Amino acid sequence: MMYSTYQEFLIQGKAYRALRTNVTKTLEQYDLSIPEWTLLGLLQDGGPQRISELALKLSVEIPHVTVLIRQLTDKGYVHAKQDPADSRAKIVSLTLKAKRQLPQIGEMTQEKVASYFHNITQEDLGAYFKVLQSIIAASAARD
């Protein structure tokens, strides 16, 4: 089936909002936003990192990450310390609280998101994410 451009964007927008709303409600139980949760995931997967590295991975400006770090520090999920190799930089790492809660948060959000994909084959889901990665790569190449 072929869709017009506006129909494609309408469908994508509706799907995005449905997923975002569901994940937002789940994360609210832990006093987290989606950007905060994403940053925590990067730290969980990659270990302690500089704020500049996190900004690059999130595709946002450093001041935005600085705000997220401040919020997560206030909530007890991360701590930042001066980089011994560069006194101007800070290295951010997870707290014990975050290390304990992130697996539970991950399971809960996975459960909620999986409910949207129950009629989709793993092959189709893989193709969907491959298309999204292609769009991201094409966007990065144009910047």
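This report concerns the structure included in the present document. (Residues numbered from 1 in each chain as written. Predicted model: local features only at pLDDT ≥ 70, side-chain atom pairs only at ≥ 80, totals over all residues. Heavy atoms only, no water.)

## With respect to the overall build of the protein
For the record, the criterion: Where helices and strands are cited, they refer to DSSP runs of H or I of at least four residues and of E of at least two residues respectively, numbered from the N terminus. Working definition: with a 1.4 Å probe on protein chains only, accessible area under 20% of the residue-type maximum means buried, over 50% means exposed, and in between means partly exposed. A contact between two residues is defined here by any heavy atoms of the two lying within 4.5 Å. Only four residue types enter the tally: Lys and Arg on the positive side, Asp and Glu on the negative side, with His and both chain ends excluded. By convention, the charge on Lys lies at NZ, on Arg at CZ, on Asp at CG and on Glu at CD.
Within the protein one finds six helices and three strands. Along the first, second and third principal axes, the C-alpha set of the protein runs to 55 × 35 × 25 Å. Going through the 143 residues of the protein one by one, you find that 26% of them count as buried. Here the contacts in the protein between residues at least 6 apart in sequence split such that 48% fall between residues at least 24 apart. Across the protein, the centroid of the 17 positively charged side chains sits 4 Å from that of the 15 negatively charged ones.

## Looking at helix 3 (residues 51-58)
Quick reminder of the rule: What the arc measures is the spread of directions leading from the helix axis to the C-beta atoms.
Those residues of helix 3 that fall on the buried side of the exposure criterion are Ile 51, Leu 54 and Ala 55. Projected down its long axis, helix 3 carries its buried residues within an arc of 100 degrees, all on one side. Contact partners of the buried residues in helix 3: helix 2 (34-46), strand 1 (49-50), helix 4 (62-74) and strand 3 (86-94).

## Things to note about the environment of Gln 104
Inspection of the secondary structure assignment puts Gln 104 in helix 5 (residues 96-114). Spatially, the C-alpha atom of Gln 104 lies 14 Å from that of Glu 28, the residues being 76 residues apart in sequence.

## Observations regarding helix 4
The α-helix winds at 3.6 residues per turn, so residues separated by three or four positions along the chain end up facing the same way. In plain terms, the rule: The length a helix should cover is 1.5 Å for every residue beyond the first.
Between its first and last C-alpha, helix 4 extends 18 Å over 13 residues, near the 18 Å set by a 1.5 Å rise per residue. Those residues of helix 4 that sit buried are Val 65, Leu 68, Ile 69 and Leu 72. Buried residues in helix 4, looked at end-on, bunch into an arc of 100 degrees, giving them a common side. Of the exposed residues in helix 4, the ones pointing more than 90 degrees away from its buried face are Pro 63 and Asp 74. Contacts from the buried residues of helix 4 go to helix 2, helix 3, strand 2 (78-83) and strand 3.

## Re the pattern of salt bridges
Just so we agree on the cut-off: In what follows, salt bridge is the name for a side-chain nitrogen of Lys or Arg lying within 4 Å of a carboxyl oxygen of Asp or Glu.
This structure, assessed with the given rule, holds four salt bridges. Arg 50 is the salt-bridge partner of Asp 83, the closest N and O atoms lying 2.6 Å from each other. Of this pair, Asp 83 sits in strand 2 while Arg 50 is found in strand 1, placing the two residues 33 residues apart along the sequence. Overall, the relative accessible area of 8% leaves Asp 83 in the buried class. Residue Arg 50 is classed as partly exposed on the basis of its relative accessible area of 27%. Salt bridges sharing common partners tie together Asp 31, Glu 36 and Lys 75.

## With respect to the environment of Lys 90
Structurally, Lys 90 can be placed in strand 3. Taking the relative accessible area as the measure of exposure, Lys 90 reaches 43% and is therefore partly exposed. Between the C-alpha atoms of Lys 90 and Arg 50, which are 40 residues apart in sequence, the distance is 5.6 Å. When residues no more than four places from it in sequence are discounted, the contact partners of Lys 90 are Gln 49, Arg 50, Ile 51, Ala 80, Lys 81, Gln 82 and Asp 83.

## Focus on the sheet that holds strand 2
Here is the rule: Paired strands are those between which DSSP finds at least two bridges. Under this scheme, a helix contributes an axis fitted over its contacting stretch, all axes are lines through C-alpha atoms, and angles between N-to-C directions fall in the 0 to 180 degree range.
Spatially, 1-3-2 is the arrangement adopted by the three strands of the open sheet, whose pairing is antiparallel. At either margin of the open sheet sits one strand with a lone partner, and together these are strand 1 and strand 2. Pairing geometry for strand 2 and strand 3, over six bridges, is antiparallel. Its bridge partner lying in strand 3, His 79 is registered against Ser 93. The strands that helix 2 touches are strand 1, strand 2 and strand 3; relative to strand 3, the one it contacts most, it runs at about 95 degrees.

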